[in-house]
Amino acid sequence: MAVQSTAPSLPPPPKNYIQRARTQQRNLTARAAEVGSAVGRSSANLISEVGYAARSVAPESLVRAYKVWPTKNVFCCWGFLMTGPVEDVGPNSCAWTSLLTPMAIFFYTWSDILWDPSHVPPVYSYFCCLAFASAVFWFSVTSFTDPGIIPRGPKPSGPMPPQRTRTDERGATVYETWCSTCNVYRPPRSSHCSDCDNCVRDFDHHCPFTRNCIGARNYGPFVMFLSSTCLSLAVVLISALALPTRVPPHPGALDPHSTGLRGLASTVSVVFCAVMAALLFSFTAYHVSLICAGMTTKASRDGAEICREMGREMGRDGPRGARDGPRGAREDREMRLRG
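None of the values given here were measured: they were computed from a predicted structure.

Caption draft 1: How the structure looks around the pattern of salt bridges. All chains considered together, the criterion is met by five salt bridges. Note that Arg152 and Asp197 form a salt bridge whose closest N and O atoms lie 3.1 Å from each other. Residue Arg152 is found in the loop between α4 (122-143) and β4 (163-167), and its partner Asp197 is found in the loop between β7 (191-193) and β8 (198-200); the two are separated by 45 residues along the sequence. Taking relative accessible area as the criterion, Arg152 reaches 32% and is therefore assigned partly exposed. With a closest N to O distance of 3.4 Å, Arg189 and Asp202 form a salt bridge. Of this pair, Arg189 sits in the loop between β6 (184-186) and β7 while Asp202 sits in the loop between β8 and β9 (205-207), and the two are 13 residues apart along the sequence.

Following this line, the structure appears as structure tokens:
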């Protein structure tokens, strides 16, 4: 059961309305006991009557947060799982197809060989199954995990400063940026995702193939998914080179890989996996380098854009810009405009 979040139609209740309701009910129950002892009536009857009255004036029942979540996220399994916007269904379906189809072709092509102990050790067969299962598992975890969404705050009564500073637990000064959409100050390395309409901690990027943002809480599963997928691709390619498509009919008989339906499936699977391996191996190596550098994809792109802007400024403003950097280039340009 999937539910797409919609904005609430009623204003949110006060923060302490639950405590006030419970206090009111306790006071009414205590008052009923006092009145019952004074008039000689059964206190149990009065307590039940007053309890009914307290329930009638109690606030409305609580609403699950996922039903009124004011963003583009889609929730599944009664709010226990969440994923990204509906617009990413196409890329996400393509990713699932690209993940499961080679696995199905692999087992269709080499099923006879994998479960024949005389040709393949059982350890290798179990290793193949474990590699494929881990890729599916980590892909599911990445797709349906909260990436580290920062809860929205109440709308302020007036304009807020665009940036503020605070001191963290280590005594360092931290700069936080105001988000006018989520009404919160974003901590460092956080960013607002326009695709999901959320502020996400340690925002790396929005991945339409996983249909989710990649942030503080699912970056580890995302890297594990990339690693397990690369391992699965390596299993398919090694099996294609080392294993025949079926058990030979008798010792010494040859089994051409290019004949029959299994041979065609093997060829298509190998070509597809080779192309995907070239892309995913480089993508995984890129993320490993980011982990070693302690950076995110967004920070890396922003740094590259700043370097390109500095290069354009230095190139446009001649020797002074090349000597003094972008600040000197901007000063030269302002002087020419004033002159």
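Caption draft 2: Representation of the layout of surface pockets. What the second largest pocket holds in volume is close to 660 Å³. Every residue lining the second largest pocket is counted, 30 residues in all, and those nearest its centre are Ala95, Phe209, Phe225, Met276 and Leu280. Listed by contribution, the elements that provide at least two residues to the lining of the second largest pocket are α3 (89-114), α4, β9, α5 (219-242), α6 (260-293) and α7 (297-316).

Caption draft 3: Up close: the sheet that holds β6. Judged by pairing direction, the sheet is antiparallel, and its three strands sit side by side in the order β4-β5-β6 without closing on themselves. One side of each edge strand has no neighbouring strand; the edge strands of this open sheet are β4 and β6. Neighbouring strand axes in the sheet, compared pairwise and without regard to direction, differ in orientation by 40 degrees on average. Across five bridges, β4 lies against strand β5 (residues 173-179) in antiparallel orientation. Residue pairing in the sheet places Gln163 in a bridge with Thr177 of β5.

Caption draft 4: Highlighting a nonpolar patch on the surface. Where nonpolar side chains cluster on the molecular surface, the patch consists of Trp78, Phe80 and Leu81 and spans about 370 Å² of accessible area. As for its placement among the helices and strands, Phe80 is situated in the loop between β2 (74-76) and β3 (81-83).

Caption draft 5: Representation of the side chain of Asn183. Mapped onto the elements of the fold, Asn183 is located in the loop between β5 and β6. Among the residues examined, Asn183 registers a relative accessible area of 17% and is labelled buried. Aside from chain neighbours lying at most four places away, what touches Asn183 is Gly153, Pro154, Lys155, Pro156 and Trp178.

Cut-offs applied
Residues numbered from 1 in each chain as written. Predicted model: local features only at pLDDT ≥ 70, side-chain atom pairs only at ≥ 80, totals over all residues. Heavy atoms only, no water. Salt bridge = Lys/Arg side-chain N within 4 Å of Asp/Glu carboxyl O. Helix = DSSP H or I, 4+ residues; strand = E, 2+ residues; numbered from the N terminus. Buried < 20%, exposed > 50% of the residue type's maximum accessible area, 1.4 Å probe, protein only. 1 Å grid on protein atoms, 1.4 Å probe; cavity = no way out; pocket = protein on both sides within 12 Å on 5 of 7 lines; lining within 4 Å. Points joined across faces, edges and corners; volume = space filled by probe spheres on them. Pairing = 2+ DSSP bridges. Axes fitted to C-alpha atoms, helices over the stretch in contact; angles between N-to-C directions. Patch = residues over 30% accessible without salt bridge, like charges linked within 9 Å, V, L, I, M, F, W, Y side chains within 5 Å. Areas by Shrake-Rupley, 256 points an atom, 1.4 Å probe, with all protein chains shown as cover. Contact = heavy atoms within 4.5 Å.

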